[in-house]
Amino acid sequence: MKRLPGKVVTTLSFSAVGIAALVLAAQISLARQSSSSAAKIPSAMEPIPALTPFVDGHTHFDEKDIPATIRTSLAALGRENAAMIFLQMPPDIFDHPGRYDAEIVLSAAKKYPGKLAVIGGGGTLNAMIIQAAANGDAGPAVQKKFRARAEELLREGVIGFGEMTAEHFDGLTPYQYAPVDHPLYLLLADIAAEHGVPFDIHMEAVPQDMALPAGLKSPPNPERLHANIPAFERLLAHNPRAKIIWAHLGSDFTGFRTVELDRRLLQAHPNLYMEIKTDPKAPGKNYPLADGKLKPDWLKLFTEFPDRFIIGSDQHYPEPKGEDRRWQEVILLFNQLPADVRKKIGTENIASIYGNSVASFLRAAKD
Ligand SMILES: [Zn+2]
Ligand SMILES: [Zn+2]
């Protein structure tokens, strides 16, 4: 017992030396860090902007804090090298509390023409379609109301309709289904064509009736999913002048949004466009990147149809804290495209799909 204090002293003195060594090491490491940030050596945490300008055609926002939405999306333009950002409404149903549409953000976003633009209808037109599909009423009165609402949104200043859906798993908004050749979808195609605006649709790929994919819960999702690719082709053929953007290429949760399916549909339907989204937190089943590198079969698809893709990151503004940034992942993909293809997917395709409401600003920015 008497020898114990001696041992304690020895241990303490060794600890003191150890602590001094640690402090010194920490000081050296801090000095290195500050000299590296002074020299602006990019760290893994610093965002990597697009090599050439792009338009993000599909983002969402905080409907309860519009000033923060506007501030953060404007600030993102420079950081990302984005020419414009389009704000969309989530596809929603009438029964979902908190449902909203373009009016919530239009007046604030319209103060920044050529920087921000709004795509609307997710909270109303989409809700009308989901409701009509459920109750079976798509008669003349419903169609009249639908057209009136679509044209009201256009008068208020939306540049397209979205986010629509025909097959949407439960998430921030509830599970939603409608036949994608529903009479109101055919009418939407006609209205879009008449006014020269596109619509943007979220639809999990279901080539034939199938069980809910493993890993998804039922309820809230249904046990079985309806085939939608044949109906989608009927919608695309219904009005070839309607430009239809199929959202979320690269974010596939059934396993059927393959390069082969996308290629076949692009070949068959010249009015079909696709929006690229890659979410590293939820990569899904046919992810275009492997270890950050663009897979050769996806590169081949983008190169074969360079006029048919745009960027639609599905980023939320303000960016969720501590989350992987969706825009960053899709820009890492974008930066691997050949320069001529990148220019088209970045800005030129958006300009031709959306027409002068967007093209004039992109031209002005270039001159
Ligand atoms: Zn979506
Ligand atoms: Zn979305």
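Residues numbered from 1 in each chain as written. Chains lettered and ligands numbered in written order. Predicted model: local features only at pLDDT ≥ 70, side-chain atom pairs only at ≥ 80, totals over all residues. Heavy atoms only, no water.

## Looking at the overall build of the protein chain
- Along the protein chain, the regular secondary structure elements total twelve helices and 14 strands.
- Counting only residues that meet the buried cut, the protein chain has 49% of its 367 residues in that class.
- Partitioning the contacts of the protein chain with sequence separation of at least 6, the portion at a separation of at least 24 is 79%.
- Of the roughly 17500 Å² of accessible surface on the protein chain, a fraction of 60% belongs to carbon and sulfur atoms. (Helix = DSSP H or I, 4+ residues; strand = E, 2+ residues; numbered from the N terminus. Buried < 20%, exposed > 50% of the residue type's maximum accessible area, 1.4 Å probe, protein only. Contact = heavy atoms within 4.5 Å. Areas by Shrake-Rupley, 256 points an atom, 1.4 Å probe, with all protein chains shown as cover.)

## Quick look at the confidence of the model for the protein chain
- On average, the protein chain scores 90 in pLDDT, and the residues at 70 or more come to 87%.
- Counting interchain partners and residues more than four positions distant, the pLDDT-below-50 stretch residues 1–39 has one contact. (pLDDT = per-residue confidence, 0-100.)

## As for the packing of aromatic side chains
- For the structure shown, the criterion picks out seven aromatic pairs.
- Relative to Phe334, the ring of Phe54 lies with its centre 5.9 Å away and its plane at 50 degrees, an arrangement referred to as tilted. Linking Phe54 in strand S1 (residues 54–61) with Phe334 in helix H10 (residues 326–334), this pair joins segments that are 280 residues apart in sequence.
- Classification of Phe54 as buried rests on a relative accessible area of 1%. (Phe/Tyr/Trp six-rings, centres within 6.5 Å; stacked < 30°, edge-to-face > 60°.)

## So, the environment of Gln131
- Residue position: Gln131 is located in helix H4 (residues 125–135).
- For Gln131, a relative accessible area of 42% gives the class partly exposed.
- When the C-alpha positions of Gln131 and Ile93 are compared, they lie 7.4 Å apart, and in sequence the two are 38 residues distant.

## Describing the coordination of the zinc ion (ligand 1)
- All of the protein donors around the zinc ion (ligand 1) are Glu163 (OE), His202 (ND1) and His248 (NE2); their distances to the metal are 1.8 to 2.1 Å.
- A distance of 3.4 Å spans the gap from the zinc ion (ligand 1) to the zinc ion (ligand 2), which Glu163 bridges by coordinating each metal. Within this pair, whereas Glu163 is found in strand S4 (residues 161–168), its partner His202 is found in strand S6 (residues 199–203), the two being separated by 39 residues in sequence. For the pair formed by Glu163 and His202, the shared burial category is buried. (Donors = N, O, S within 2.8 Å, 3.2 Å for Na, K, Ca; no water.)

## Examining the packing of H4 against helix H5 (residues 140–156)
- With their axes 10 Å apart at the nearest point, H4 and H5 run at an angle of 165 degrees to one another. As summarised for this structure, H4 and H5 are arranged roughly antiparallel, according to the angle between their axes. Where H4 crosses over H5, the two elements pack in a sense that is left-handed. Contacts from Leu125, Met128 and Ile129 in H4 reach Lys145, Phe146, Arg149, Ala150 and Leu153 in H5. (Axes fitted to C-alpha atoms, helices over the stretch in contact; angles between N-to-C directions. Parallel < 35°, antiparallel > 145°, perpendicular 65-115°, else oblique. Left-handed = near helix turned anticlockwise from the far one by under 90°.)

## A word on unusual backbone geometry
- For the bond running from Gly162 to Glu163, omega is -10 degrees, close enough to zero to count as cis.
- In this structure, the amide linkage connecting Pro219 to the following residue, Pro220, adopts the cis form with an omega of 10 degrees.
- Tracing the backbone through its elements, the reader meets Pro220 in the loop between strand S7 (210–211) and strand S8 (224–225).
- Positive phi is not limited to glycine here, since Asn81 has a value of about 65 degrees.
- Within the fold, Asn81 resides in the loop between helix H2 (66–80) and strand S2 (82–88).

## As for helix H11 (residues 339–354)
- When the terminal C-alpha atoms of H11 are compared, their 22 Å separation across 16 residues agrees well with the 22 Å that a helix rising 1.5 Å per residue should span.
- Bending of H11 peaks at approximately 45 degrees at the position of Ile345.
- When H11 is considered as a whole, its buried residues turn out to be Val341, Arg342, Ile345, Gly346, Thr347, Asn349, Ile350, Ala351, Ile353 and Tyr354. (Expected span 1.5 Å × (residues − 1). Bend = angle between axes of the 7 residues up to and from the residue.)

## Here we look at the pairing of S4
- Of all eight residues in S4, eight are buried, a share of seventy percent or more.
- Relative to S4, strand S3 (residues 116–121) runs parallel, the two being bridged by two bridges. From the neighbouring strand, Gly121 faces S4, where its bridge partner is Gly162.
- Where S4 and strand S5 (residues 176–177) come together, two bridges link them in antiparallel fashion. Each bridged residue has a counterpart across the sheet, and for Glu167 the counterpart in S5 is Tyr177. (Pairing = 2+ DSSP bridges.)

## As for the nonpolar core
- One finds Phe199 and Phe232 to be the most contacted residues of the largest nonpolar core, which totals 83 residues.
- The element contributing the most residues to this core is helix H6 (residues 183–195), with eight residues.
- Each residue touching Phe232, except ones within four places of it in the same chain, is listed here: Val180, Ile201, Met203, Ile244, Trp246, Leu265 and Leu272. (Core = buried A, V, L, I, M, F, W, Y, C linked by side-chain atoms within 4.5 Å.)

## Description of the side chain of Thr69
- Residue placement: Thr69 occurs in helix H2.
- The exposure class of Thr69 is buried, given its relative accessible area of 0%.
- Leaving out residues up to four positions away in the same chain, Thr69 has contacts with Phe61, Asp62, Leu87, Tyr317 and Pro318.

## Description of the packing of H4 against H6
- Packing of H4 against H6 brings their axes to within 9 Å, and their N-to-C directions diverge by 150 degrees. What the angle tells us is that H4 and H6 run roughly antiparallel. Contacts between H4 and H6 involve Leu125, Asn126, Met128, Ile129 and Ala132 from the first element and Leu184, Tyr185 and Leu188 from the second.
- A per-class count over the contact of H4 with H6 returns seven nonpolar, one polar and no charged. (Nonpolar A, V, L, I, M, F, W, Y, C, P; charged D, E, K, R; others polar.)

## What about the coordination of the zinc ion (ligand 2)?
- Within the protein, the atoms that donate to the zinc ion (ligand 2) are His58 (NE2), His60 (NE2), Glu163 (OE) and Asp314 (OD), at distances of 2.0 to 2.2 Å.
- Between the four donor atoms coordinating the zinc ion (ligand 2), the angles at the centre fall across 87 to 174 degrees, so the site counts as irregular.
- In primary sequence terms, the donor set of the zinc ion (ligand 2) follows H-x1-H-x102-E-x150-D. (Tetrahedral: all angles 85-135°; square planar, octahedral: opposite > 155°, others 65-115°.)

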